[in-house]
Amino acid sequence: MTDRPFPLTKNRYFPHKHLRAADFEREQTYSEQKTAAMNRWTLGSGILTGLEVCPLGKEALSITPGLGVDQQGRFLAVPQSQVVPLSALPGLETLTGDTAFLWLIYEETCFDPVPVSGQNRKQDGAIREETTFLLTDTHVSLWDPAEQHLIAHHLLAEHPTLQVYQMLPWILPRQGTVELRLRLRSFEPETVLLQLHYGPQLIGYVDSRTGKPLEIDQTLRIPPGETVLCFSLSPLPDSQQAGAFSLPPEQLRLTWKQHSLQPSAPLTLQFHCSDSPRRELKTRLEHCALYDQPGDGPIGVPLAGLRLERTSLSVELCSSFPLRANRACSGWIETRLEDCMAYFGPPQPVQPQPAPEPEEPQWCSGVIDLPLHPGNRDVIFYTDETPHGLGLGQVYMDFGLENTIPAVNLREHESDVLLGDPSLFAQASGTYDCPIERGIRLHPQRGTFELAVRPRGELRQEVLHLRWHAWRAGPEPQPPQPAGTLLRLEPDLIRVKPGDQVLFVPVFTDGGSRPCAFYVASQRDGQVDRDGAYTAPQQPGVYQVWAKTCTGMAQQVCAFVLVEDGGQL
């Protein structure tokens, strides 16, 4: 199959035409190229379903049944579960380090020999389309060629056990916000504490939280696998030369265990600014060269990252993790655009708008794949901060574990969602051996959320599929409140560092002031004086400050204080 099939060539038939082998090959190639072009434009490339990788001890891998599409639009099918010995994988002996990517590759096998007319020999008369697995070094590219027309992916720094990629859309908004993301790919066998210093310079854009140029100094807990960090940027008004990006080597530094990592050279880029980034991104995507191949990667579907350990006699498997960024999808163009638009925040209004009419109840749902690692008993696993799609403000959420059950003789697989304790149910797609605690943290001011799970025993699953639901209830009629009602403390939610001071002010319905008594539950929750001046404790955590009216009918309200050490709870 050629990399660039257009214009297509097909046979022209007419009565008494003499058909040669080349004519039949042209007919076959024509159908293959049309199907491949449709697959690339509707599905993209990557994993469609299944193809989950799980270690079997230190010597083999288990791959579940599934389907993928490679960069040439060919289907890659694994019809039944595969157990592949590590020593039998092609590419193992050519690896240069102790980390690797596992790929699914297209392969053809000739069979069914038939006699050749007029000659005393045979040739295979059929070709079976199959797949095989391949190991490569981790420096090869995993990004879909077309996706690179939407988002600038750059490898900032690389270590044998850690890779740091930066991602930012090529088209930046002149209004609203945009996310700059770092993808950390850790091949360490356990969670590590990582000190990150990151100070890029993007002309015309500032940190949305501080209003200053972005500069990050944080200590992070990085689990094995892929972790995505998101930083919101806002444009400055009337900025000249907006979109010029630079990252000097001294402005990126990562330290963990006994390792330290910095870029070897500066990174400079030029981004384009637009009032309508979606329209321009769609134009770029529709005019991209879909058949451009990754620079140094094989033609196939990457399935997992592997950490290996070499001994004097063999190579053993330490751990594996899924590569979440590499998924194919139906409705490919629109879905890729929606993924890219997740980088952008809501547009900022040019002038104050009247309050909108109450809306009908809204609902949204999605699935997050949460990688686990061996030794997961009583370990808390967190998802990345994720937009729920219902905008800013208070929403309600719940989530459970989603299982896909193979359905015989049906077009689609069945699925169910387990809420509460999943160990109470036996599933055709796998049983959970222990209870799992669940938690949700909402960020109403950003319209995002985080999920957390803690297995109370050892789980065999490598990935949990978390199905979440978010909804916004319709407005409920509220009785009128009398004048002088204590409504809340201002601020009612605030993030501070240990030892910081905050002044809390009671807010009443009539805008007046009345004497209130301030208090906290215990000494460990900090100190608050009679004027509402609060001093945060030294221990990070979530605390409450209470206020109670001193006259009339007793009323009390509380505010929440999130004490963070170094920017992380």
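Structure shown above.
About the criteria used
Residues numbered from 1 in each chain as written. Predicted model: local features only at pLDDT ≥ 70, side-chain atom pairs only at ≥ 80, totals over all residues. Heavy atoms only, no water. Pairing = 2+ DSSP bridges. Helix = DSSP H or I, 4+ residues; strand = E, 2+ residues; numbered from the N terminus. Buried < 20%, exposed > 50% of the residue type's maximum accessible area, 1.4 Å probe, protein only. Polar contact = N/O pair within 3.5 Å; in protein donor to acceptor, adjacent residues only side chain to side chain. Contact = heavy atoms within 4.5 Å. Phe/Tyr/Trp six-rings, centres within 6.5 Å; stacked < 30°, edge-to-face > 60°. Lys NZ or Arg CZ within 6 Å of the ring centre and 35° of its normal. Core = buried A, V, L, I, M, F, W, Y, C linked by side-chain atoms within 4.5 Å. Patch = residues over 30% accessible without salt bridge, like charges linked within 9 Å, V, L, I, M, F, W, Y side chains within 5 Å. Areas by Shrake-Rupley, 256 points an atom, 1.4 Å probe, with all protein chains shown as cover. Salt bridge = Lys/Arg side-chain N within 4 Å of Asp/Glu carboxyl O.

J.: Can you tell me about the sheet that holds strand β21 (residues 267–270), naming the residues and giving the values?
T.: Read across the sheet, three strands follow the order β14-β18-β21 without closing on themselves; strand pairing throughout is antiparallel. Strands with a single pairing partner mark the edges of an open sheet, and in this sheet they are β14 (201–202) and β21. Bridge analysis of β14 against strand β18 (residues 244–247) gives two bridges, and the strand direction is antiparallel. Counted as the bridge partner of Gln201 is Ser246 from β18.

J.: Hey, could you go over the side chain of Arg185 for me, with residue numbers and the actual values?
T.: Looking at the element boundaries, Arg185 is found in strand β12 (residues 178–186). Residue Arg185 is classed as buried on the basis of its relative accessible area, which comes to 1%. Within polar-contact distance, the side chain of Arg185 engages the side chain of Glu226 at 3.0 Å. Discounting chain neighbours no more than four positions away, the residues touching Arg185 are Phe101, Leu142, Thr161, Leu162, Gln163, Tyr165, Gly225, Glu226, Phe321 and Leu323.

J.: An account of the packing of aromatic side chains is needed here, citing residue identities and associated values.
T.: Going through the model one piece at a time under the given rule, you end up with nine aromatic pairs. Note on Trp170 and Phe271: the rings are 5.3 Å apart at their centroids and 35° apart in plane angle, and the pair reads as tilted. Pair noted here: Trp170 is in the loop between β10 (162–169) and β11 (171–173) and Phe271 is in the loop between β21 and β22 (272–274), with a separation of 101 residues, a long-range link. Summarising the aromatic geometry, the rings of Tyr396 and Trp471 are spaced 6.3 Å apart at their centres and angled 20° between planes, so their arrangement reads as stacked. Of the two residues, Tyr396 is situated in strand β28 (residues 396–405) and Trp471 in strand β32 (residues 463–472); the sequence distance between them amounts to 75 residues. Relative accessible area serves as the criterion here: at 34%, Trp471 is assigned to the partly exposed category. By the ring-pair criterion, three or more aromatic residues cluster together here, those being Phe101, Phe187 and Phe321. We note Arg128 situated over the ring of Phe111; from NZ or CZ to the ring centre the distance is 4.2 Å.

J.: So, the pairing of strand β9 (residues 151–159): which residues are in play, and what are the values?
T.: The buried count for β9 comes to seven of nine residues, which makes it a mostly enclosed element. Bridge count for β9 against β10 is eight bridges, and the pairing is antiparallel. Bridge assignment links Leu155 to a residue of β10, and that residue is Tyr165. Between the end of β9 and the start of β10, which pair antiparallel, lie two residues.

J.: So what's going on with the nonpolar core? Which residues, and what values?
T.: Formed by 46 residues in total, the largest nonpolar core has its most connected members in Leu196, Tyr198 and Leu254. In terms of residue count, β10 provides more of this core than any other element does, five residues in total. Not counting the four nearest positions on each side in its chain, Tyr198 is found in contact with Leu156, Gln166, Leu180, Leu182, Leu214, Glu215, Ile216, Phe231, Leu247, Gln251 and Leu252. Counting 24 residues, the second-largest nonpolar core is a separate cluster that includes Leu61, Leu104, Tyr106 and Leu135.

J.: Could you give me a rundown of a nonpolar patch on the surface, with the residues and numbers involved?
T.: A cluster of nonpolar side chains, namely Tyr13, Leu19 and Phe24, defines an oily patch on the protein surface of about 330 Å² accessible area. Turning to its location among the elements, Phe24 is positioned in helix α1 (residues 21–42).

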